[in-house]
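Listed here are the chains, written in short residue letters.
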Amino acid sequence: DSGVTQTPKHLITATGQRVTLRCSPRSGDLSVYWYQQSLDQGLQFLIQYYNGEERAKGNILERFSAQQFPDLHSELNLSSLELGDSALYFCASSVISGRGPGGELFFGEGSRLTVL
Amino acid sequence: LAKTTQPISMDSYEGQEVNITCSHNNIATNDYITWYQQFPSQGPRFIIQGYKTKVTNEVASLFIPADRKSSTLSLPRVSLSDTAVYYCLVAASGSARQLTFGSGTQLTVLP
């Protein structure tokens, strides 16, 4: 158990709809990262938040948005869904103290989104 | 951002040592190298991290040459349960960074 909690685990919806994925980071971790992984594909970085502020942006579509709340949980909002948005969405967290090694992420089990 | 290149796939047999190499030619001075393991439909899991020379833990070793332009993950005596995708990630410490994974290496361990 990584300590990162993602809900829901599975979600089936229709094209054009909007969904919200939720992530609770490990206790004490200030950074949250969102990744998308389509079938048999690698991990595509979407966005990173640090202590409530957006810090880095990757290949995130304009139809997608995210935020990190004061209690450090994060939500990824996906709207006007298309068939191609079907994927596993992972959240990861890290301490990011600004000192010491970089790159150690703790991943949740993912939310599997199916768009029909 | 340091781009990484790994072999797409590798096959091995149970009990053998497996070495997976990652190239990162434009690694920066403050970048660290981290390896992750991912099973199907699960989140990646941290294996090992290093900056230079050699690092060893209970599951793997990481070899990094002096120029740091590549790194090699070594898995001793693999078993069927080591079949997974292995990613190397190159990133600096700090709070603002785009942690982009490469394509990963699918390791298949055969009986």
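Quick look at the structure, then. (Residues numbered from 1 in each chain as written. Chains lettered and ligands numbered in written order. Predicted model: local features only at pLDDT ≥ 70, side-chain atom pairs only at ≥ 80, totals over all residues. Heavy atoms only, no water.)

**Things to note about the side chain of B:Thr34**
Counted only if it meets this: Helix and strand labels come from DSSP, where a helix needs a run of H or I of at least four residues and a strand needs a run of E of at least two; each type is numbered from the N terminus. The term polar contact refers here to a pair of N or O atoms within 3.5 Å; inside protein, the definition further demands a hydrogen-donor-capable atom paired with an acceptor-capable atom, and it admits residues adjacent in sequence only when both atoms are side-chain atoms.
Tracing the chain through its elements places B:Thr34 in strand β3 (residues 31-38). Looking at B:Thr34, its side chain comes within polar contact range of the side chain of B:Gln49, at 2.8 Å.

**Some words on the pairing of strand β7 (residues 70-75) of chain B**
All names here are of chain B. The criterion, for reference: Burial classes: relative accessible area under 20% of the type maximum marks a residue as buried, over 50% as exposed, and values in between as partly exposed (1.4 Å probe, protein chains only). We call two strands paired when DSSP finds no fewer than two bridges between them.
Among the 6 residues of β7, 5 are classified as buried, and the element is accordingly described as predominantly covered. The pairing of strand β2 (residues 18-23) with β7 spans 6 bridges and is antiparallel. Across the sheet, the residue bridging to Cys 22 is Ser 71, located in β7. As paired elements, strand β6 (residues 61-64) and β7 share 3 bridges and run antiparallel to each other. From the neighbouring strand, Phe 63 faces β7, where its bridge partner is Thr 72.

**A closer look at the state of the cysteines**
All names here are of chain A. Put simply, the rule is: In what follows, a disulfide is any cysteine sulfur pair within 2.5 Å.
Applying the stated criterion across every chain yields a total of 2 disulfides over all chains. Through a disulfide, Cys 23 is tied to Cys 91; the S-S separation comes to 1.8 Å. Taking the torsion about the sulfur-sulfur bond, which here is approximately -55°, the covalent link between Cys 23 and Cys 91 counts as left-handed. Of this pair, Cys 23 sits in strand β3 (residues 19-24) while Cys 91 sits in strand β9 (residues 87-94), and the two are 68 residues apart along the sequence. Looking at Cys 91, the relative accessible area reads 0%, which means it is buried.

**Some thoughts on the pattern of salt bridges**
Two side chains carrying opposite charge are able to pair once their charged atoms lie near each other. All names here are of chain A. For the record, the criterion: The term salt bridge refers to a side-chain nitrogen of Lys or Arg lying within 4 Å of a carboxyl oxygen of Asp or Glu.
In the structure shown here, the tally under the stated rule is 3 salt bridges over all chains. Note that Arg 26 and Asp 29 form a salt bridge whose closest N and O atoms lie 2.7 Å from each other. Here Arg 63 ties to Glu 82 by a salt bridge, and the two come within 3.7 Å at their closest N and O atoms. Of this pair, Arg 63 sits in the loop between β6 (53-57) and β7 (64-68) while Glu 82 is found in the loop between β8 (74-78) and β9, placing the two residues 19 residues apart along the sequence. Among the residues examined, Glu 82 registers a relative accessible area of 43% and is labelled partly exposed. A cluster of three or more residues bridged by salt bridges with shared partners is formed by Arg 63, Glu 82 and Asp 85.

**Structural notes on the environment of A:Leu105**
As a reminder, the rule being used: Note on definitions: a residue-residue contact is assigned when non-hydrogen atoms from the two residues lie within 4.5 Å.
With respect to the helices and strands, the residue A:Leu105 is situated in the loop between β9 and β10 (106-107). Here the alpha-carbon distance between A:Leu105 and A:Ser94, two residues 11 residues apart in the chain, equals 5.2 Å. Those residues in contact with A:Leu105 that lie beyond four places of it in its chain are A:Tyr33, A:Tyr35, A:Ala92, A:Ser93, A:Ser94, B:Tyr36, B:Phe46, B:Leu99 and B:Phe101.

**Observations concerning unusual backbone geometry**
Here the bond from A:Thr7 into A:Pro8 is cis, since omega is -10°, no more than 30 degrees from zero. Tracing the chain through its elements places A:Pro8 in the loop between β1 (5-7) and β2 (10-13). The phi dihedral of A:Leu72 falls on the positive side, at around 80°, and the residue is not glycine. One can find A:Leu72 in the loop between β7 and β8. By relative accessible area, A:Leu72 is classed as buried at 16%. The backbone of B:Arg77 shows a phi angle near 45°, a positive value even though the residue is not glycine. Turning to its location among the elements, B:Arg77 is positioned in the loop between β7 and β8 (84-92).

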